Amino acid sequence: MVSLCFAPELWLFLRKRHRREPVRAVHDGTASLGHLVQSLGVPLTEVGSLEVAGRRVGQDHRPRGGDLVRVTPVPRPQRAPSSCFLLDVHLGALARRLRLLGVDTAYRNDLDDDELVVRANAERRILLTKDRGLLCRRALWLGAYVRGSGPDEQLADVLERFAPPLAPWSRCTACNGLLVPVAKQEVEVLLRPGTRRTYDSFARCRACGHVYWDGAHHRHLETIVAAALGDSGRSEGGN
Ligand SMILES: [Zn+2]
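Calculation rules
- Residues numbered from 1 in each chain as written.
- Predicted model: local features only at pLDDT ≥ 70, side-chain atom pairs only at ≥ 80, totals over all residues.
- Heavy atoms only, no water.
- pLDDT = per-residue confidence, 0-100.
- Contact = heavy atoms within 4.5 Å.
- Salt bridge = Lys/Arg side-chain N within 4 Å of Asp/Glu carboxyl O.
- Helix = DSSP H or I, 4+ residues; strand = E, 2+ residues; numbered from the N terminus.
- Buried < 20%, exposed > 50% of the residue type's maximum accessible area, 1.4 Å probe, protein only.
- Phe/Tyr/Trp six-rings, centres within 6.5 Å; stacked < 30°, edge-to-face > 60°.
- Lys NZ or Arg CZ within 6 Å of the ring centre and 35° of its normal.

(A) Spotlight on the confidence of the model for the protein. On average, the protein scores 92 in pLDDT, and the residues at 70 or more come to 95%. Confidence drops under pLDDT 50 across residues 231-239; counting only partners more than four residues distant or on other chains, this segment forms 19 contacts.

(B) Expanded view of the pattern of salt bridges. All told, the structure shown has eleven salt bridges when counted by the stated rule. In this structure, Glu-123 engages Arg-119 in a salt bridge whose closest nitrogen and oxygen atoms are separated by 3.0 Å. Linking Glu-123 with Arg-119, this pair stays in helix α3 (residues 113-123), spanning four residues, or about one helical turn. For Glu-123, a relative accessible area of 36% translates into the label partly exposed. In this structure Arg-119 comes out as partly exposed when scored by relative accessible area, which is 24%. With a closest N to O distance of 2.7 Å, Arg-125 and Glu-123 form a salt bridge. When its relative accessible area of 10% is taken as the criterion, Arg-125 is described as buried. Each of Asp-104, Arg-119, Glu-123 and Arg-125 takes part in a single network of salt bridges with overlapping partners.

(C) Broad picture of the packing of aromatic side chains. All told, the structure shown has four aromatic pairs when counted by the stated rule. Relative to Trp-213, the ring of Tyr-199 has its centre 6.3 Å away and its plane inclined at 35°; by these criteria the two rings are tilted. Residue Tyr-199 is located in the loop between α7 (193-198) and β11 (202-205), and its partner Trp-213 is located in strand β12 (residues 211-213); the two are separated by 14 residues in the primary sequence. Taken together, the ring pairs connect Tyr-199, Phe-202 and Trp-213 into an aromatic cluster. When the ring centre of Trp-141 is taken as reference, the NZ or CZ atom of Arg-124 above it lies at 4.5 Å.

Structure representation (structure tokens):
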């Protein structure tokens with residue numbers, strides 16, 4: 001038997017009966033500690049450190065009978081080698097929020113799990129998902145479980161965990177392309193008369209051509225940006 005003591009931050013991954021007391025797990029002497037942790041439902045992407053008798057060990061460590069293992073959560077903010085993300089198909093609303101804040105966020109609603117792993121690895125993007133099975137894939141270079149049931153909670157979780165650099169209103173929320181300022185006369189023909197009369201400052205997505213204009217953002221979007229910047233009194237800075 002090996003006993004594993006999980007920090008409370010990791011309890012959401014454990015069965016209820018495993019939460020308060022150290023988990024006693026049977027092991028055959030050959031499985032690695034990483035395998036044992038994941039078999040209890042905790043993806044290694046969420047684990048900060050593993051300690052046996054006060055000594056830090058790696059995921060490949062083979063525990064011995066009687067060992068007490070302490071499992072801590074990944075530190076926040078997590079130092080990650082990338083601040084670009086790929087979101088799984090269920091996180092479209094979160095993708096739009098991250099783009100609104102200028103975070104490089106790839107998202108498509110038609111990628112299967114294999115394609116998600118391939119793309120995350122190829123583009124060195126952190127895969128964000130609520131699918132623990134996906135996070136446990138050995139081939140995945142870096143991923144993270146997204147906490148929270150709604151996009152606002154999920155956004156707060158991602159910002160707290162990775163503290164990515166923010167540049168609100170700099171990306172297209174539809175396609176993740178970068179926005180560049182554009183003269184009014186260049187886009188005038190695309191605008192409704194009311195917009196043409198009311199606004200003078202415009203930006204266009206370099207990737208998909210979508211046109212944005214200052215001041216027309218829904219108040220809810222401004223609230224999201226203000227909350228993310230941690231300054232509810234600051235108004236949006238335009239495109
Ligand atoms: Zn675009």
